[in-house]
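So the chains spell out like this:
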Amino acid sequence: MDVRSQISMVFHLDKCIGCHTCSVACKNIWTDRKGAEYMWWNNVETKPGTGYPGKWEDQEIYKGGWKKDGDKIYLKGAGRPKSLTNIFHNPHLPKIDDYYEPFTYKYLDLIESPAGDDQPTARPISMITGEPMDIKMGPNWDDDLSGSPDYARNDPNLTKLSPAEQEAMFQLERMAFFYLPRICNHCLNPACVAACPSQAIYKRGEDGVVLINQNVCRAWRMCVTACPYKKTYYNWNTGKSEKCILCYPRIESGHAPACMHSCVGRIRYLGVLLYDADQIESVASSDEESLVDQQMNMILDPFDPEVIAAAKANGVADSTIDAAQYSPTYKFVKTWGLALPLHPEFRTLPMLFYVPPLLPVMASVRDVSNEAQQEKLNPIAKQWPDNWLYDTSTEEIFGTIDQARFPLEYMANLFSAGDTSKVKERIMKLMAVRIYRRHKTVGDISEEKSNEALSTAGLTPELADAIYYLTSLPKFDDRFVIPAAHREQAIEMMEFTGDVKGNTGFGFKDKSAERGS
Amino acid sequence: MNTLNTFLFVVFPYVAGIVFVVGVTYRYRRTAFTVSSLSSQFLEGDKLFWGSVPFHIGLLAVFFGHLLAFLLPQATLAWNSVPVRLIILEVSAFVFGLSLLFGLLSLLWRRLTNPRVRVVTSRMDIAIELLLLAQVVLGCWVALGFRWGSSWFAADLTPYLWSLLALSPETDAVFALPLVIRLHIAGAFLILFMVPFTRLAHFVVAPLHYLFRPYQVVIWNWDRKAVRNPKEPWSKARPKNN
Amino acid sequence: MTSRRRSRAGDLKETLKGGDARILNCLTPHGKWHIHSTYMENHRMLTLSRGCEPVWMSEVDAAELEIKDNDWVEVYNDHGVYCARASVSARIPKGVCIVYHVPERTVGIPKSQVRGGKRAGGHNSFTRIHLKPNYLAGGYGQFSYHFNYWGPIAPNRDTHVIVKRMDKVVF
Ligand code: SF4
Ligand code: SF4
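Described in the following lines is the structure provided in the data block. (Residues numbered from 1 in each chain as written. Chains lettered and ligands numbered in written order. Predicted model: local features only at pLDDT ≥ 70, side-chain atom pairs only at ≥ 80, totals over all residues. Heavy atoms only, no water.)

## With respect to the interface of chain A and chain C
With 50 residues of chain A at the contact, the number on the chain C side is 44 residues. Of the roughly 3700 Å² buried between chain A and chain C, counting both surfaces, carbon and sulfur atoms make up 54%. Put simply, chain A and chain C have 4 salt bridges between them. C:K118 serves as the salt-bridge partner of A:D117, at 4.0 Å between the closest nitrogen and oxygen. Looking at the side of chain A that touches chain C, the elements with two or more residues in it are α1 (21-30) and β5 (103-105) of chain A. The dominant element in the side of chain A that touches chain C, judged by the number of residues it contributes, is α1(A), at 4 residues. Within the side of chain A that touches chain C, the residues separate by chemical class into 27 nonpolar, 11 polar and 12 charged. (Contact = heavy atoms within 4.5 Å. Buried area = accessible area lost by both parts, 1.4 Å probe. Salt bridge = Lys/Arg side-chain N within 4 Å of Asp/Glu carboxyl O. Helix = DSSP H or I, 4+ residues; strand = E, 2+ residues; numbered from the N terminus. Nonpolar A, V, L, I, M, F, W, Y, C, P; charged D, E, K, R; others polar.)

Given below as structure tokens:
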């Protein structure tokens, strides 16, 4: 057992309001630079939708991630030998237009235009060439189902659904959508690291953050292809690839990453997971059906004395083990079994987990006759010719899951490599907690019914209370349990702190303050 | 004339060699951030294919061809002693040269006409591409006009180059060569000289070690096991963290 | 005449003189972006909303009006005109279009073709605003147009409009 610690994330999708505050926070801090304008290390997508870059999930196009061949896994579009043979021209590299051409406006025209008989306007110009341009794409072009005929309907996750199911998803009143915020998953088996010919990308041992050494990157751009989540970006100006750094300077000083700190819906949780690094290869190359379970299994119980001993022997700090025991992500992922990784079939073992959204499946659609109702309407009122009813009743406890507006297969394609039972299990738990809370607060559901719901979903009232607390009421320190980074010891590793002793308190980085000769 | 020749074929090669080694080392160690292939495929990918691939493949073949004649002159001459083999060698080398020329021209064309690529084009990029172009044109001219290059290179130039390395330049053979060939040789030294100042520096960091490393890379910035025990005194050797 | 028809006629009396057209009910709700910034011309916000405040319309209406996603359109009635791009979506019911408040007409908006090449207004231009008397107090000219105009906006107003694809885009 090779115990390592990993800073992991949980995003609770039911709580995301799609406000993009996270994206803006990240952009303002990290990517407001030439060459990085088009990068959104944090982006928020509407599902169904094609996302950013367009259709990133379709690995027939982008060739990202690992594929299993026999017992082994191979990088789909990079690796040995492809990372070297494609080095002069990488056929699978996404281009700027697959993301979008960043634009700004000629604001100065508003002030400097000569007098005329009409007002000036600031024309859109490209942030690459500076020339006037036609805006055709953006970082969230399909937001809120914008342009749904072209985008949402081409969502790669829909391909496995029948045409009738797909059609139903786009019927007014039946349709639903949800937001999917994405950052780098800081994977355990990162394809970006494996693909880099220069060895510029690495995973930090002590917290698992995946970083690109800007001094070593040589623009071979294989990581951009290899990351199936398209979370490494090529800076066209500096000729270096960049990616989400999980705000490591903030984490090291005990702050939550900016996207998480600013999240309006408070959907984000961050905490330590202990895992067994010896299992990485075998888990990543396990069968598709068992991928999710295996990934859950390699996450270790931080209360298990054996795990603690092995962690200590491996040099994991006591403070990190403590943090692992209080970790909100451990609770969501392991204790309660509520969260799932995004597209586990890419086999990078992502360490960002999602609690699947309940909304699109909570209500069902029932066929009814609406004629009597229509009669009563004022003639000005909008008349709906349709005969169905949006049903949010809780009479049949879990009945609505199967007639949900959103086919469960769609969720399963996103979060469990197509296995609906895994998604269903999680959704039942979420529903049971709601039923339980309704019993508690509104009281129109009997205790028996609420208990029945809980026990069917495999929960107890205590667990439901805990889930409710961490979902709805958590304080800042409940959501983000960040272990100390032990910078003091890290610094001791790099330099003799004794050298600096007796120096003039500040200002001498290289040499001690010695009198010149 | 002789002064110029002496400068170009005796002094300049040493200058170029020293500038190359010192410049590349300095750039790599002090400003590693600037060492990059500066790929522009992200901005324009289709035309790049028709430029970059023939260019690089042609370049590698031609470069290793020259290297072969330099390292193994006897073998080259022996190979060339049979006319068929000589023809095969010369024709394929020339084809690679043409591929190099074609690739370079399409790269240059792309760089000058694509508005996005223009944005990431420095004056040095244009300068070095023109220099390479001149060199390739001269090379093709030499190959066509002064047959058979592979043989006389091995016979005449290899001793000259070795003599440079041995620090006792023997220049008679070079001085006697036609102007075109002398320009081509001087061009080669000029390109060597320019490497540290241009994007050409990326060939020095060709990532061949990728073939031999494990896929996953983990770095510990601090390893608690390796942290100094506070009871022990500082050692004399400076500690390293990874 | 039903009350519905009357209200349309109130907005479109002059506009419809040229003939019949497909009339849409235009809503101007609160945009989800504006929790960040009240100014729509903020560069970040524009980047995250297709570069302008688009006119949302249903797939059905768009098909009938021969408008494709991201086409430039003009939304107009007797009161005024707004030029923007169309966002065609299955989530909008037919017969309805939506412009979130508040578009800024000085940023990336072409000139109106139905108004003879004049710069069009924001979505306020085609809704009927009733000013509160205290908004008028002082007489400081606070409702004459200027940048970052902070006047009474029109959240959740509705009006009837005609949407037309722009054949010529002149800035
Ligand atoms: S999400 Fe992509 S960039 Fe991030 S660690 Fe995984 S493979 Fe690398
Ligand atoms: S800030 Fe939070 S709620 Fe808003 S889009 Fe981002 S993840 Fe969702």
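## A closer look at helix α21 (residues 447-457) of chain A
All names here are of chain A. Turning to α21, its buried residues number three or more, namely S450, A453, L454 and A457. The buried residues of α21 occupy an angular sector of 95° when the element is viewed end-on, so they sit on one face. Opposite the packed face of α21, turned more than 90 degrees from it, sit the exposed residues E448 and S455. Against α20 (420-441) and α22 (461-472) lie the buried residues of α21. Positive backbone phi, at 80°, marks G458, one or two positions downstream of α21. (Buried < 20%, exposed > 50% of the residue type's maximum accessible area, 1.4 Å probe, protein only. Arc of directions from axis to C-beta.)

## Observations concerning the site of ligand 1
Around ligand 1, the structure places A:C184, A:N185, A:H186, A:C187, A:P190, A:A191, A:C192, A:V210, A:C227, A:Y229, A:T232 and A:K243. Of the residues that constitute the shell around ligand 1, the class distribution is 8 nonpolar, 3 polar and 1 charged. (Near = heavy atom within 4 Å.)

## Focus on helix α9 (residues 179-194) of chain B
All names here are of chain B. Taking 1.5 Å of rise per residue, 16 residues should cover 22 Å, and α9 covers 22 Å from first to last C-alpha, within 8% of that figure. Among all positions of α9, only V180, I181, R182, H184, I185, A186, G187, F189, I191 and M194 are buried. On the buried face of α9, the contacting elements are α1 (2-30), α2 (46-71), α6 (123-145), α7 (149-165) and α8 (172-175). (Expected span 1.5 Å × (residues − 1).)

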